[in-house]
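Fold and contact review
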Amino acid sequence: MKIAVRLDDITPDMDWVKFNRFKELMDRYYVKPLIGVVPLPEDKGLSRGEARSDFWPYVLSLRDELGWEIAMHGLHHVYTTKRGGMFPLNHQSEFAGIPYEKQRKMIEIGKKVLADHAIVTDIFMAPSHTYDSNTLKALRENGFTRMTDGFGKLPYLYDGITFYPVAFRQQSSLHKKDGVTTFVVHCNTLEEKDFARYEKIFQEQQMLPYRELLYYRPVKRGIGGRMIERAMASAKRMLVSAGR
């Protein structure tokens, strides 16, 4: 199985020590991820230090010089509902359960913030993976055509949006021979054991630049497939809760 990487929670005041260390690891093995940039971060849990003054030019350099891809990671990354929506990996959301018009405006604002810093993207990354049908409609209205979420071994098309699945379990994905998936990484919370584990993965697995994943032709997915996916997301949430 080919593996792509996405980095969540990219903000000016994230943990740059851990980010830079993980970037060095990715650079060593030519791993080129998708990064989820929060346009107007207000989640205090993401604030890990002093804000980087050259944040926006630096993000552009990652795209233009290194070939990384950029997604819009919500708007404020603040959870305002306890809904799991269509992909209930978590019971907290910035978007699921919010009226359509408000979601449309939130996405419009986030898109403009990025555009003001010369970042144009049609990829959306929902905080906590949670969204609903209003989110998909609001995304389409704002020109977004891709989401980094879902389960499966290939990108799939549903309701006018192409979804790029993430791993149900990273460990089990390492033993599959066909398909492609995305490993989700939160640099802010990486521990020493995580750096060692990811280095082993980068050494041994077939890593796929996220930009190349975008060229995969999506398969169609219907209501039945989405129902199975939703059940899997609920199951994973319960497994994670039990593990804690």
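Presented here is an overview of the structure given in this document. From a predicted model like this one, the values you see are computed outputs, not experimental measurements.

What counts and what doesn't
Residues numbered from 1 in each chain as written. Predicted model: local features only at pLDDT ≥ 70, side-chain atom pairs only at ≥ 80, totals over all residues. Heavy atoms only, no water. Helix = DSSP H or I, 4+ residues; strand = E, 2+ residues; numbered from the N terminus. Expected span 1.5 Å × (residues − 1). Buried < 20%, exposed > 50% of the residue type's maximum accessible area, 1.4 Å probe, protein only. Contact = heavy atoms within 4.5 Å. Pairing = 2+ DSSP bridges. Arc of directions from axis to C-beta.

1. A closer look at helix 1 (residues 16-28)
- For helix 1, spanning 13 residues, the distance from its first C-alpha to its last is 18 Å, which sits close to the expected 18 Å at 1.5 Å a residue.
- Those residues of helix 1 lying buried are Trp16, Phe19, Phe22, Lys23, Leu25 and Met26.
- Buried residues in helix 1 make contact with strand 1 (2-10), helix 2 (55-66), strand 8 (180-185) and helix 6 (192-204).
- With its phi angle positive at about 55°, Tyr30 sits one or two positions after the end of helix 1.

2. A word on the environment of Arg21
- Note on placement: Arg21 falls in helix 1.
- Ignoring anything within four residues of it in the chain, the contact list for Arg21 reads Glu192 and Phe195.

3. Focus on the pairing of strand 1
- Among the 9 residues that make up strand 1, 8 are buried, leaving the element largely enclosed by the rest of the structure.
- As judged from the 6 bridges shared by strand 1 and strand 8, these two strands associate in the parallel manner. Across the sheet, the residue bridging to Ala4 is Thr182, located in strand 8.
- Judged from the 2 bridges that link them, strand 1 and strand 9 (residues 206-207) form a sheet pairing that is parallel. The residue of strand 9 that forms the bridge with Lys2 is Gln206.

4. Examining the side chain of Asn188
- By the element assignment, Asn188 lies in the loop between strand 8 and helix 6.
- Leave out the neighbours within four places in its chain, and Asn188 touches Asp9, Met14, Asp15, Lys18, Leu46 and Arg48.

5. Considering helix 3 (residues 100-116)
- The terminal C-alpha atoms of helix 3, which comprises 17 residues, lie 24 Å apart, in line with the 24 Å expected from a rise of 1.5 Å per residue.
- Residues of helix 3 that are buried include every one of Tyr100, Gln103, Met106, Ile107, Gly110, Val113 and Leu114, and no others. When helix 3 is viewed along its axis, its buried side chains cluster within an angular range of 155° and face the same direction. Exposed and facing more than 90 degrees away from the buried side of helix 3 are Lys112 and Asp116.
- Contact partners of the buried residues in helix 3: strand 2 (34-37), helix 2, strand 3 (69-72) and helix 4 (133-141).
- Just downstream of helix 3, Ala118 is the residue with a positive phi angle, here 70°.

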